[in-house]
Amino acid sequence: IKSAPHSTYCFFDINMQLNLQREAEINNTMEQALKDREFVVYLQPKVNLHDNSLVGAEALVRWIRDGIIIMPGDFIPIFENNGFVVNLDFFVYEEVCKILKEWMKQGKKLVPISINVSRVHLHDEKFVDNIKSLVDSYGIPYNLLELELTESIFLSNTEAALTAMRQLRGLGFGVSIDDFGAGYSSLNLLKDMATDVIKLDKEFFGHDNMQREEQIIVSSIISMAKQLNMKVLSEGVETQNQSDFLRSVRCDMAQGYLYSRPIPVGDFEKLI
Ligand code: C2E
Ligand code: CA
Ligand code: CA
Ligand code: CA
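Counting restarts for each chain: residues are numbered from 1 in the order of the written sequence. Lettering of chains starts at A and numbering of ligands starts at 1, both following the order in which they are written. For a predicted model such as this one, the threshold for reporting local features is a pLDDT of at least 70, and the threshold for listing and counting side-chain atom pairs is 80 or more; totals across whole chains, interfaces and linings nevertheless cover every residue. Working from all heavy atoms in the structure, the side-chain values ignore hydrogens and water.

**Observations concerning the coordination of the calcium ion (ligand 2)**
Line of reasoning, step 1. For the calcium ion (ligand 2), every protein donor is listed as Glu58 (OE), Asn116 (OD1), Glu148 (OE) and Asp178 (OD), and the spread of their distances is 2.2 to 2.3 Å.
Line of reasoning, step 2. Within one chain, the residues donating to the calcium ion (ligand 2) are spaced in sequence as E-x57-N-x31-E-x29-D.
Line of reasoning, step 3. Each metal site is built from N, O and S donor atoms within 2.8 Å (3.2 Å for Na, K and Ca), and since water is not included, such sites may look incomplete. A separation of 4.1 Å is found between the calcium ion (ligand 2) and the calcium ion (ligand 3), which share aspartate 178 as a coordinating residue. Taken together, the residues span a long stretch of sequence, with glutamate 58 in strand E2 (residues 54-65) and glutamate 148 in strand E5 (residues 145-150) at a distance of 90 residues.
Line of reasoning, step 4. Relative accessibility thresholds used throughout: buried, under 20% of the residue-type maximum; exposed, over 50%; partly exposed, between the two (1.4 Å probe, protein chains only). A relative accessible area of 4% places glutamate 58 in the buried class.
Line of reasoning, step 5. The class of glutamate 148 is buried, set by a relative accessible area of 0%. Each helix is a run of DSSP H or I of at least 4 residues and each strand a run of E of at least 2, with the numbering of both proceeding from the N terminus.

Take a look at the structure:
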């Protein structure tokens, strides 16, 4: 299957070249793009598994340039390396505050919106203060915001992550562990995690017919979380079978294409 070493090398080289070019272009355009409001917040519904009612949303950013949607997987990793993710995230957080403020003004049914926290924020001791001042400046109740911290943050930066989590929760923000079960698991850290919600990684729901082993693992995590007074949301739920199984093992909430893709704010507002 392997081609000659020489051609393999060339192929690799061209790919690297393309990646570097793409990365350079992103580096050169990101600041103007933020000013030009090319970054747009989409919302993906979260539902209660027992009655399918809407219980919240996750804010997911898209870069829309010349009508083309660029997905976060193509730029967030670059922004995490060059530090720009801090600027982008605070833009996203502010957009979410504006959305909630508008809903409050219009007397809409209020559901909490969750926002993603990059590992880069944990290098800044003022992160929690900065979020707090932003949210205060819009007069949004803290419990309408939920901060999603990925499991991997807790493994690489344990103390900073636990501290931030406790501070946020102490203030009354919602907190969740994102991508739970994806990496080297942090089961032993669960006891220190003051979290409201565990978000089971979508890898558990990668195919319709879950293996018996996967079902055992998922149902065990759910029962463990319940005993620790945490709620469980399953991510990436795409089929009715998965949803039926999750209901049978008393998972609380779900998010995934079965219910809705991430959608523009205007479309989400038709649901509330
Ligand atoms: P994530 O936080 O794990 O977000 C969930 C991802 O799963 C989203 O991808 C969502 O569109 C996708 N998803 C939802 N339901 C399904 C499903 O049923 N099947 C499948 N296969 N996928 C589903 P998206 O929007 O492309 O975002 C990718 C990642 O980029 C996010 O993963 C998050 O880590 C990061 N990201 C997105 N927006 C932001 C942001 O504003 N700030 C930061 N720091 N990171 C963000
Ligand atoms: Ca997330
Ligand atoms: Ca996730
Ligand atoms: Ca993820």
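Picking up after the structure, the text goes on.
**Notes on the coordination of the calcium ion (ligand 3)**
Ideal geometry at a metal gives 109.5 degrees between four tetrahedral donors and either 90 or 180 degrees between six octahedral ones.
Line of reasoning, step 1. Coordination sphere of the calcium ion (ligand 3), protein contribution only: Asp178 (OD), Asp179 (OD), Glu235 (OE) and Glu235 (OE), at 2.2 to 2.5 Å.
Line of reasoning, step 2. Along the chain, the residues that donate to the calcium ion (ligand 3) are spaced as D-D-x55-E.
Line of reasoning, step 3. Taking relative accessible area as the criterion, aspartate 178 reaches 5% and is therefore assigned buried.

**Digging into the site of ligand 1**
Line of reasoning, step 1. In the vicinity of ligand 1 there are 23 residues, among which Gln44, Arg62, Asp89, Glu238 and Tyr257 approach most closely.
Line of reasoning, step 2. Two N or O atoms form a polar contact when they lie within 3.5 Å of each other; inside protein one atom must be a possible hydrogen donor and the other a possible acceptor, and for residues adjacent in sequence the pair counts only when both atoms belong to side chains. One of the side-chain nitrogen or oxygen atoms of aspartate 178 is found 3.1 Å away from an oxygen atom of ligand 1.
Line of reasoning, step 3. Aspartate 179 is positioned such that a nitrogen or oxygen atom in its side chain is 3.3 Å from an oxygen atom of ligand 1.
Line of reasoning, step 4. Considering ligand 1 on its own, with 810 Å² of exposed area, one finds that the protein chains cover 83% of that surface.
Line of reasoning, step 5. Among the elements of the structure, E2, helix H3 (85-106) and strand E6 (174-180) are those that each provide at least two residues to the shell around ligand 1. The rule for a residue being near a molecule or strand is that one of its heavy atoms must lie within 4 Å of it. Here the accessible surface of atoms and residues is derived via Shrake-Rupley with a 1.4 Å probe, and residues count as covered only by protein chains that are part of the display.

**Some remarks on the environment of glutamate 151**
Line of reasoning, step 1. Locating glutamate 151 in the fold gives a position in helix H5 (residues 151-156).
Line of reasoning, step 2. In this structure glutamate 151 comes out as buried when scored by relative accessible area, which is 2%.
Line of reasoning, step 3. Separated by 48 residues in sequence, glutamate 151 and lysine 199 place their C-alpha atoms 9.4 Å apart.

**Notes on the nonpolar core**
Line of reasoning, step 1. Phe39, Phe79 and Leu88 are the most contacted members of the largest nonpolar core, which totals 82 residues.
Line of reasoning, step 2. Counting residues per element, this core draws most heavily on H3, which supplies 11 residues.
Line of reasoning, step 3. We call two residues in contact whenever any of their non-hydrogen atoms come within 4.5 Å of each other. Setting aside chain neighbours within four positions, we find phenylalanine 79 in contact with Ile26, Met30, Phe39, Trp63, Phe84, Val85 and Leu88. Buried Ala, Val, Leu, Ile, Met, Phe, Trp, Tyr and Cys residues form a nonpolar core when they are joined through side-chain atoms within 4.5 Å.

**Quick word on helix H8 (residues 240-248)**
In an α-helix, one turn spans 3.6 residues, which is why side chains three or four residues apart end up on the same side.
Line of reasoning, step 1. All of the buried residues in H8 are Gln242, Ser243, Phe245 and Leu246. An end-on view of H8 places all buried positions within 160° of arc, on one side of the element.
Line of reasoning, step 2. Buried residues along H8 sit against helix H7 (212-227) and strand E8 (231-235).
Line of reasoning, step 3. In the segment just after H8, arginine 250 is the residue with positive phi, at about 65°. As used here, the arc belongs to the directions running from the helix axis to the C-beta atoms.

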